[in-house]
There are 2 protein chains.
Amino acid sequence: MRSPRSPQRYTAGSTVFCVTIAGAQGRDHRAAGPVTVWAVPKIPQVQPGDDLTALICTAVGEAELHHGDILVVTSKIVSKAEGRIVQAENREAAITAETLRAVASRPRADGEGLTRIVENRLGIVCAAAGVDASNTAPGTVLLLPQDPDASAAAMRSGIRQRLGVEVGVLISDTLGRAWRVGQTDAAIGSSGVRPLHDHRGGSDSAGRALAVTESAVADEICAMADLVKGKSSGLPVAVVRGLDHLLDPEAPGARALVRTGDQDMFRLGTDEAIAEGFRRAQDGEPLHSSEPLNP
Amino acid sequence: MRSPRSPQRYTAGSTVFCVTIAGAQGRDHRAAGPVTVWAVPKIPQVQPGDDLTALICTAVGEAELHHGDILVVTSKIVSKAEGRIVQAENREAAITAETLRAVASRPRADGEGLTRIVENRLGIVCAAAGVDASNTAPGTVLLLPQDPDASAAAMRSGIRQRLGVEVGVLISDTLGRAWRVGQTDAAIGSSGVRPLHDHRGGSDSAGRALAVTESAVADEICAMADLVKGKSSGLPVAVVRGLDHLLDPEAPGARALVRTGDQDMFRLGTDEAIAEGFRRAQDGEPLHSSEPLNP
């Protein structure tokens, strides 16, 4: 097993950094060597107004953050630092306020109301618009960060200033999936990391065009980080080492991972879409409507 | 950074192994220490009839596979070893044969026919039933393995016999997602690894019930492995070290990750479901039908 890449290959200045990653896009997205992920210990409970970058830098200082590392930060602590806290009795109203468009709903397993799958104001399709009550103060719920890509960019810049290292920052959240049981972590904020690796125009080892078009590497990195952060251990930050080839100071944010509107073949739940078609026929409307879907 | 766990904690016998993992379920799913993943070099091109376990054991022998490691094997080489090869001109017929139920379709970006999203005979919802032409011999396409859970179990058993180590085996494929751009790797076959970690009944660090119900850890492990295997580098196998707490000789296969039928709120594409509702109204059928959906 080779040791992780030497940080000496990088300088904090963007010019040299760009040279290092040049040519990576279009090639394979794989790491050249082993990739390691670990959780950062000693992150204290985060309070509204806390300087999250300072807290993280203090905690990781000991673990020696290297140039080219990727920091994966659970969205919950970003929300807490940003004061995105709402009293629990206002939960349903908060979900509605965070919702751009309803996608599907069904009775909750515990019989208390509906699980609402929505497209939230970030374009993310998820349950309850990402409003969550676990790992929050009693009587409160947390909204997702106001602008996770901006939060990631601020953290990346703050880490560069404090520790003198150029890292990538991902903000992760736990999302359900269509067609598959269970939840996985995915990227809702990103800075300095390529969220997607474009294989178009690429070929396999035999020269044939690849069927895969884009690898959602930022989601894969967040999934990896979840395996060391967990859900209930008070470990909201992980460091990933060995993926420095995916760093790119000009990379777009995690918004690039969101598929919305007509591009989304599953923009409405099946029951809701059947009801919509039924209604159109009953109301004498045409099958194909140019109206946006909003059940 | 702590070094990976010592393999001495395990014995190959299932009894001692069970004792080691007892109590893990219900707790957090996170690893106790760092997790490392690397690609196995020197896997030769796989041919129909090859003994894949023998090939992998020869290749990883040098890398010292440890008790508690998880091997992630790209489904493509499993398919090749099983001879699941079809002439390219029969591709559409092969997709139909592998399809249980159509879910959605739309014109392909290259203008050549339709992209068909289907539920395949394994219950997996994916494009073209998983039939793929990249990384295959010219003029041929590959079907998914006949029974990926059984293939994983055979490999796990073969590795125990050849190398004397108890590992987990995951078989991965690259899948698109609803609502998100790009593809990620997920588990389509599993043996000896818990595919889902059940958090129900669990609580956060403050004692509040967790909103997450089940973590799809096998999918997260496959996503992690994709970051070192890539798509075009001839590296179809990865080793993950540090997740031995997720090993469980009694674990169900990856079939447990598949959500089908009424449980799936997105069992039909939006356009297809609207058309179905429209048809029901026009034909004088009730809105809610007990018929299985098959556009």
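Remember, predicted model here, so these are calculated numbers, not experimental data. (Residues numbered from 1 in each chain as written. Chains lettered and ligands numbered in written order. Predicted model: local features only at pLDDT ≥ 70, side-chain atom pairs only at ≥ 80, totals over all residues. Heavy atoms only, no water.)

Undergrad: I'm lost on the relation of the copies chain B and chain A in this one. Help?
TA: In summary, the two copies of the chain are related to each other by a rotation about an axis coupled with a shift along it. The transformation that overlays chain B on chain A combines an axial shift of 0.0 Å with a rotation of 180 degrees, and the residual RMSD is 0.0 Å. Taken together, the rotation and translation relating the two chain copies correspond to the operation of a two-fold axis. By residue overlap, the copies meet face to face through one surface: 99% of the interface positions of chain B are interface positions in chain A. (Least-squares fit on C-alpha atoms with pLDDT ≥ 70 in both. Contact = heavy atoms within 4.5 Å.)

Undergrad: Looking at this structure, how should I read the side chain of Ser75 of chain A?
TA: Within the secondary structure, Ser75 of chain A sits in helix H3 (residues 75–81). Judged by relative accessible area, Ser75 of chain A falls into the buried class, the value being 3%. (Helix = DSSP H or I, 4+ residues; strand = E, 2+ residues; numbered from the N terminus. Buried < 20%, exposed > 50% of the residue type's maximum accessible area, 1.4 Å probe, protein only.)

Undergrad: What exactly am I supposed to notice about the environment of Thr53 of chain B here?
TA: Residues and elements named next belong to chain B. Here Thr53 is to be found in helix H2 (residues 52–61). Between the alpha carbons of Thr53 and Met155 there is a distance of 5.5 Å; along the sequence they are 102 residues apart. Sequence-distant contacts of Thr53, defined by excluding residues within four places in its chain, comprise Ala154, Met155, Gly158, Ile159 and Arg162.

Undergrad: Looking at this model, I keep getting lost on the sheet that holds strand S5 (residues 114–120) of chain B. Mind explaining?
TA: In any sheet, the strands associate via hydrogen bonds between backbone groups, in a parallel or an antiparallel arrangement. Residues and elements named next belong to chain B. In spatial order, the strands read S4-S5-S6; together these 3 strands make up an open sheet with antiparallel pairing. The outermost strands of the open sheet, each flanked by one partner alone, are strand S4 (99–107) and strand S6 (125–127). With strand direction ignored, the average angle separating the axes of adjacent strands in the sheet is 25 degrees. Note: S4 against S5, 7 bridges, orientation antiparallel. By the bridge assignment for S5, Ala104 is matched with Ile117. Packing against the sheet, helix H4 (residues 91–98) makes contact with S4 and S5, and its axis sits at approximately 130 degrees to S4. (Pairing = 2+ DSSP bridges. Axes fitted to C-alpha atoms, helices over the stretch in contact; angles between N-to-C directions.)

Undergrad: Just to check I follow, could you spell out the domain arrangement of chain A for this structure?
TA: Interfaces are often described in size by the accessible area the parts lose on coming together. All names here are of chain A. According to the domain assignment, chain A consists of domain 1 (10–74 + 145–252) and domain 2 (85–143 + 259–287). When each unit is reduced to the centre of its C-alpha atoms, the spacing between domain 1 and domain 2 is 28 Å. At the interface, 8 residues of domain 1 touch 8 residues of domain 2. Carbon and sulfur atoms make up 62% of the surface buried where domain 1 meets domain 2, a total of about 640 Å² over both sides. For the domain 1 face of the interface with domain 2, the top three residues by lost area are Pro145, Leu175 and Trp179, together amounting to 44%. Where domain 1 packs against domain 2, one counts 0 salt bridges. (Domains from an automatic or database assignment. Buried area = accessible area lost by both parts, 1.4 Å probe. Salt bridge = Lys/Arg side-chain N within 4 Å of Asp/Glu carboxyl O.)

Undergrad: Honestly, empty space enclosed by the protein in this entry has me stumped. Any pointers?
TA: Rolled over the atoms, a probe with the dimensions of a water molecule shows which regions are left empty. Applying the stated criterion to the full structure yields 6 cavities of 30 Å³ or more. Lining of the largest cavity is provided by 29 residues; of these, Arg177, Arg180 and Thr184 of chain A together with Arg177 and Thr184 of chain B occupy positions nearest its centre. Residue assignment for the lining of the largest cavity shows that the elements contributing at least two residues are strand S8 (168–176), strand S9 (183–191) and helix H6 (217–229) of chain A together with strand S8 (168–176), strand S9 (183–191) and helix H6 (217–229) of chain B. (1 Å grid on protein atoms, 1.4 Å probe; cavity = no way out; pocket = protein on both sides within 12 Å on 5 of 7 lines; lining within 4 Å. Points joined across faces, edges and corners; volume = space filled by probe spheres on them.)

Undergrad: How should I be thinking about the interface of chain B and chain A in this particular structure?
TA: Each side of the interface is counted separately: chain B has 100 residues, and chain A has 99 residues. Summing both sides of the interface, chain B and chain A together bury roughly 8,100 Å²; the carbon and sulfur share of this comes to 59%. Counting the surface chain B buries against chain A, the share from its top three residues, Trp179, Arg180 and Leu227 of chain B, is 12%. Inspection of the region where chain B meets chain A yields 6 salt bridges. Residue Asp219 of chain B is joined to Arg177 of chain A by a salt bridge in which the shortest nitrogen-to-oxygen separation is 2.8 Å. In this structure, the connection of chain B to chain A is made through 47 residue pairs in polar contact (both at pLDDT 80 or more). Put simply, the parts of the chain that give the side of chain B that touches chain A at least two residues each are strand S1 (35–39), S4, S8, S9, strand S11 (214–215), H6 and helix H7 (270–282) of chain B. It is H7 of chain B that contributes the most residues to the side of chain B that touches chain A, 11 residues altogether. Class assignment of the residues belonging to the side of chain B that touches chain A gives a composition of 48 nonpolar, 29 polar and 23 charged. (Polar contact = N/O pair within 3.5 Å; in protein donor to acceptor, adjacent residues only side chain to side chain. Nonpolar A, V, L, I, M, F, W, Y, C, P; charged D, E, K, R; others polar.)

Undergrad: Help me understand the pattern of salt bridges in this model?
TA: Side-chain pairs of opposite charge can arise whenever the charged atoms involved come near each other. Under the criterion given, the structure shown has 39 salt bridges over all chains. The salt bridge partner of Arg180 of chain A is Asp219 of chain B, with a shortest N-O separation of 2.9 Å. Of the two residues, Arg180 of chain A sits in the loop between S8 and S9 while Asp219 of chain B sits in helix H6, which places them in two different chains. Both residues of the pair, Arg180 of chain A and Asp219 of chain B, belong to the buried class. Taken together, the shared-partner salt bridges connect Glu276, Arg279, Arg280, Asp283 and Glu285 of chain A into one network.

Undergrad: What is the right way to look at the sheet that holds strand S6 (residues 125–127) of chain A in this model?
TA: All names here are of chain A. What the 3 strands build is an open sheet, ordered S4-S5-S6; its pairing is antiparallel. Pairing within the sheet leaves two strands with one partner each, and these edge strands are strand S4 (99–107) and S6. Ignoring which end each strand starts from, the neighbouring axes of this sheet average 25 degrees apart. Note that strand S5 (residues 114–120) and S6 share 3 bridges and pair antiparallel. By the bridge assignment for S6, Ile117 is matched with Ala127. Lying over the sheet, helix H4 (residues 91–98) contacts S4 and S5, oriented at roughly 130 degrees with respect to S4.

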